[in-house]
Amino acid sequence: MPDIFTYLDYRKFLQDSFIEFKNTKPNFSHRFFAREAGFSSSNYVLLVMQGKRNLSGEGIQKIARAMKFKRSEAEFFENLVRFNQAVSSDEKNFYYSRIVLNKKYVKVRPLDRKKFDYYSKWYIPAIREMVLLSDFKEDYSWIASKLNPPITPREAEYAINILLELELLARDETGRLVQKDKHIMSGDEINSLAMTNFQKEMIKLAANSIDGTDAEKREIGSITFAVSKEKFLEAKNMIREFRSKLATFLAEDGGADAIYQFNIQLFNLSKLDDKE
């Protein structure tokens, strides 16, 4: 049977397990497994694997028994199911924090937690940009005190180590930290969750800056408007084009002396019809 501790998608684990069962047990079928697990519907597990049904707490236990999981495997499987089926980011964060407590998972997927932390901790991307400052010092106390809000020297050290391990920073021939032109893909479920955490944190920092930052050092504005679906889609495209142009413009600055964060939020204030 596939090693469950190498998976972050319980449906994929079940699919791979069923393929293995069929290869080793000629008489194995979804009907057979459903009967062994105690499900009344013969195609229930198939629908779960296809993403058309979710597992209940009772269903989790039935599958764990039918798969003859050890205790650690059963606990990991339950956390995996609840993580995959979670609706809110808070719930996903809770179950992911339980998943990464498993030493076998961390050993097999060592970079997952580091990628998660990169996006989930606002100061790590900020420190990556900080190395571009002309007066940058690789001194953890200096780095910590330069951020707003400040962090601890230990957090600064952790951030530098994460950036080096993810190869987002490197050392030049003199030993100085420099940026590497590398991007972390945000398509999988962990990175998408981490990006959600990052955006929430940055929105909080933006709100705090209204009272905590002098007006000449920030630019915050808002517009409330009614709009058609067609104009809304055009507006989204305009925002994306502007964001791309701004990123290119700022990347050409060779004399950076401060780190800023640029957020864009566009969201509805009225309820939309389901068809919209």
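The structure under discussion appears in the preceding block.
These remarks concern the structure in this document. (Residues numbered from 1 in each chain as written. Predicted model: local features only at pLDDT ≥ 70, side-chain atom pairs only at ≥ 80, totals over all residues. Heavy atoms only, no water.)

**Focus on the packing of helix α8 (residues 110-120) against helix α12 (residues 189-212)**
Formally: Geometry is summarised by axes, namely lines fitted to C-alpha atoms with helices restricted to the contacting stretch, and by angles between N-to-C directions that run from 0 to 180 degrees. In this description a helix means any DSSP run of H or I spanning at least four residues, a strand means any run of E spanning at least two, and both kinds are numbered starting from the N terminus. Put simply, angles under 35 degrees are roughly parallel, angles over 145 are roughly antiparallel, angles from 65 to 115 are roughly perpendicular, and the rest are oblique. Left-handed describes a crossing whose near helix is turned anticlockwise from the far helix by less than a right angle; the clockwise case is right-handed. In this description, contact between two residues means that some pair of their heavy atoms is separated by no more than 4.5 Å. Following the grouping adopted for this structure description, the nonpolar residues are Ala, Val, Leu, Ile, Met, Phe, Trp, Tyr, Cys and Pro, the charged ones are Asp, Glu, Lys and Arg, and the polar ones are all others, Gly among them.
Two numbers describe how α8 lies on α12: the axes approach to 7 Å, and their chain directions differ by 20°. Looking at the two axes, α8 sits roughly parallel to α12. When the axes of α8 and α12 are compared, the crossing they make is right-handed. Residues Asp-112, Lys-115, Phe-116, Tyr-119 and Ser-120 of α8 form the contact with α12, whose participating residues are Ile-190, Asn-191, Leu-193, Ala-194, Met-195, Asn-197, Phe-198 and Glu-201. Here the contact of α8 with α12 is composed, by residue class, of 7 nonpolar, 3 polar and 3 charged.

**Comments concerning the packing of aromatic side chains**
Under the convention used in this document: Side-chain rings of Phe, Tyr and Trp, where Trp is taken by its six-membered ring, are said to pair if the distance between their centres is within 6.5 Å; with planes under 30 degrees apart they count as stacked, over 60 as edge-to-face, and otherwise as tilted. Partly exposed describes any residue whose relative accessible area lies between the buried limit of under 20% and the exposed limit of over 50%, with all areas from a 1.4 Å probe on protein chains only and scaled to the type maximum. Lysine and arginine charges are scored as sitting over a ring when NZ or CZ, respectively, is within 6 Å of the ring centre and within 35 degrees of the ring normal.
For the structure on display, the rule yields 22 aromatic pairs. Relative to Phe-13, the ring of Tyr-7 has its centre 5.4 Å away and its plane inclined at 75°; by these criteria the two rings are edge-to-face. Taken as a pair, Tyr-7 and Phe-13 share a single burial class, namely buried. An aromatic cluster is defined as three or more aromatic residues linked by ring pairs; in this entry it consists of Tyr-7, Tyr-10, Phe-13, Phe-69 and Phe-77. The lysine or arginine in question, Lys-92, covers the ring of Phe-83, its NZ or CZ lying 4.8 Å from the ring centre.

**Quick word on the environment of Glu-165**
Definition in use: For this analysis, a polar contact is any N or O atom pair within 3.5 Å, provided that within protein one partner can donate a hydrogen and the other can accept it, and provided that sequence-adjacent residues contribute only side-chain to side-chain pairs.
Mapped onto the secondary structure, Glu-165 falls in helix α11 (residues 153-165). Along the backbone, Glu-165 and Thr-196 are 31 residues apart, and their C-alpha atoms lie at a distance of 22 Å. The contacts of Glu-165, once residues within four sequence positions are left out, are Leu-111 and Lys-114. There is a polar contact of 3.3 Å between the side chain of Glu-165 and the side chain of Lys-114.

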